[in-house]
Amino acid sequence: MNIKQILRPNLQQQAVSTGRRPQKQAASAAVQRSTDRVSWSKQALAFVEEQNRILWGKQPGGTEGGGAADPMGAELKQQYNCLKIATRIQKGDKVPLKDLKYLRDADPKAYMMAIATRQEKRHPKEWKSVLDEDEARQRAAQPSGQGAEGCESPEGCAETED
């Protein structure tokens, strides 16, 4: 004998012993009608896909578009730089004046919060400018044919071009 049958009788046996019969659960017509069904035409699906492609900046072949002209990417980069500078200030580290001014101009609220929540350090770390790192990455990403070729300063390049 199975121990489960001994300890817990079948539900149908319980229903018979109490005099009740189990009810069949039939779905009513009102319940069936309340469910929504959507059928999209091919034209509507093509329109939605086109809108999503435009929104996310993808090319028709599936490649990512954008680049330097991408406004969302530029704003995210600015927010990332501001966050990096603000956390360095809050930790009590020394940040270049150039970065402080950048944060103050780009995100005044983050600047105020960073200054207000700054913690003093006994030996603060001195950071290089976040903006210099960003510019160095941009120069490294540029193809070799573009940009300043061997110019140390903009004034030096302007003199050689004349």
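Residues numbered from 1 in each chain as written. Predicted model: local features only at pLDDT ≥ 70, side-chain atom pairs only at ≥ 80, totals over all residues. Heavy atoms only, no water.

## Re the pattern of salt bridges
- Applying the stated criterion across every chain yields a total of four salt bridges.
- Note that Asp105 and Arg104 form a salt bridge whose closest N and O atoms lie 3.7 Å from each other.
- By relative accessible area, which is 59% here, Asp105 ends up exposed. (Salt bridge = Lys/Arg side-chain N within 4 Å of Asp/Glu carboxyl O. Buried < 20%, exposed > 50% of the residue type's maximum accessible area, 1.4 Å probe, protein only.)

## Examining the side chain of Asp99
- Along the chain, Asp99 turns up in helix 6 (residues 97–106).
- At 4.9 Å, Arg88 is the nearest oppositely charged side chain to Asp99, a buried residue that forms no salt bridge. (Helix = DSSP H or I, 4+ residues; strand = E, 2+ residues; numbered from the N terminus. Lys, Arg positive; Asp, Glu negative; His and termini not counted.)

## Here's the deal with the side chain of Lys84
- Topologically, Lys84 is positioned in helix 5 (residues 71–90).
- Apart from residues no more than four positions distant in its own chain, Lys84 is found in contact with Val130, Glu133 and Arg137. (Contact = heavy atoms within 4.5 Å.)

## Focus on helix 5
- Relative to the 28 Å expected for 20 residues at 1.5 Å per residue, helix 5 spans 28 Å between its end C-alpha atoms, a close match to the ideal helical length.
- Among the residues making up helix 5, those that are buried are Asn81, Cys82, Lys84, Ile85, Ala86, Arg88 and Ile89.
- Those residues of helix 5 that are buried lie in contact with helix 6, helix 7 (108–116) and helix 8 (130–141).
- Of the residues trailing helix 5, Gly92 is marked for its positive phi of about 95 degrees. (Expected span 1.5 Å × (residues − 1).)

Shape descriptors only; they carry no functional weight alone.
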